[in-house]
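# Chain and residue survey
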Amino acid sequence: MPGFDPAIVKIRVSGNTVEVLDALPITTSSGKAVTGLSNQQGRDEAPYSYDAQTALSFNPNGLDTEGIVRAGDGSFWLVDEYGPSLVDVSARGKVLTRYVPRGCI
């Protein structure tokens, strides 16, 4: 989805209320925001504009995160559906390494 940039969000749930306490944008190694756009033509669904009328470019830095674990040092491990891949993210939100199984690129 264009305009969607994945973030790591810290929340507090109390009864039926959800409060966002903090949001950490996920960025590339160069500091640009990671997108939610599909990665690979022929493998992932094609990305389109909000009205589904205009095809958009695939983005190799796009993430469709499905899971998250916080490591003891404050960094994060994300599970990405597009790659599929495991993504090592610093405590500040920067993608450090992306591990993609052989044959999935």
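These notes cover the structure that comes with them. (Residues numbered from 1 in each chain as written. Predicted model: local features only at pLDDT ≥ 70, side-chain atom pairs only at ≥ 80, totals over all residues. Heavy atoms only, no water.)

With that out of the way, let us pick up the sheet that holds strand β4 (residues 76–80). Ordered by their spatial adjacency, 4 strands build an open sheet running β3-β4-β5-β6, and the pairing between neighbours is antiparallel. The open sheet is flanked by β3 (65–70) and β6 (95–99), the only strands paired with a single partner. The average angle at which neighbouring strand axes cross in this sheet is 20 degrees, direction not considered. Sheet analysis places β3 next to β4, joined by 5 bridges and oriented antiparallel. Note that in β4 the partner of V69 across the bridge is W77. (Pairing = 2+ DSSP bridges. Helix = DSSP H or I, 4+ residues; strand = E, 2+ residues; numbered from the N terminus. Axes fitted to C-alpha atoms, helices over the stretch in contact; angles between N-to-C directions.)

Before going further, it helps to spend a moment on the pattern of salt bridges. Under the definition given, this model contains 2 salt bridges. Across the salt bridge formed by E19 and R12, the nearest N and O atoms sit 3.4 Å from each other. Judged by relative accessible area, which is 38%, E19 ranks as partly exposed. For R12, a relative accessible area of 46% puts it in the partly exposed group. (Salt bridge = Lys/Arg side-chain N within 4 Å of Asp/Glu carboxyl O. Buried < 20%, exposed > 50% of the residue type's maximum accessible area, 1.4 Å probe, protein only.)

Assignment of secondary structure puts S38 in the loop between β2 (17–25) and β3. A polar atom in the side chain of S38 sits 2.6 Å from the backbone oxygen of E45. Not counting chain neighbours up to four residues away, the residues in contact with S38 comprise D44, E45, P47, F58, N59 and Y82. (Polar contact = N/O pair within 3.5 Å; in protein donor to acceptor, adjacent residues only side chain to side chain. Contact = heavy atoms within 4.5 Å.)

Both strand β1 (residues 7–14) and β2 contribute to a ladder of 8 bridges, which runs antiparallel. If you follow I8 over to β2, its bridge partner there is L24. Counting the residues that bridge the hairpin from β1 to β2 gives 2 residues, and of these G15 lies at a positive phi of roughly 60 degrees.

For the rest of this paragraph, the subject is the nonpolar core. By size, the foremost hydrophobic cluster in this structure holds 10 residues: I8, L24, I26, V34, L63, F76, L78, V87, V89 and V95. Mapped by element, the contributors of at least two residues to this core are β4 and β5 (85–89). The residues contacting I26, other than those within four sequence positions of it, are P6, A7, I8, K32, A33, V34, L63, L78, G93 and V95. (Core = buried A, V, L, I, M, F, W, Y, C linked by side-chain atoms within 4.5 Å.)

If you check the backbone angles, A52 has positive phi at about 60 degrees while not being a glycine. Relative to the elements of secondary structure, A52 occurs in the loop between β2 and β3.

The subject of this paragraph is the environment of L86. With respect to the element layout, L86 can be found in strand β5. Looking at L86, the relative accessible area reads 44%, which means it is partly exposed. Separated by 80 residues in the primary sequence, L86 and P6 place their C-alpha atoms 15 Å from one another. Setting aside residues no more than four positions away along its own chain, L86 makes contact with W77, L78, V79, T97, R98 and Y99.

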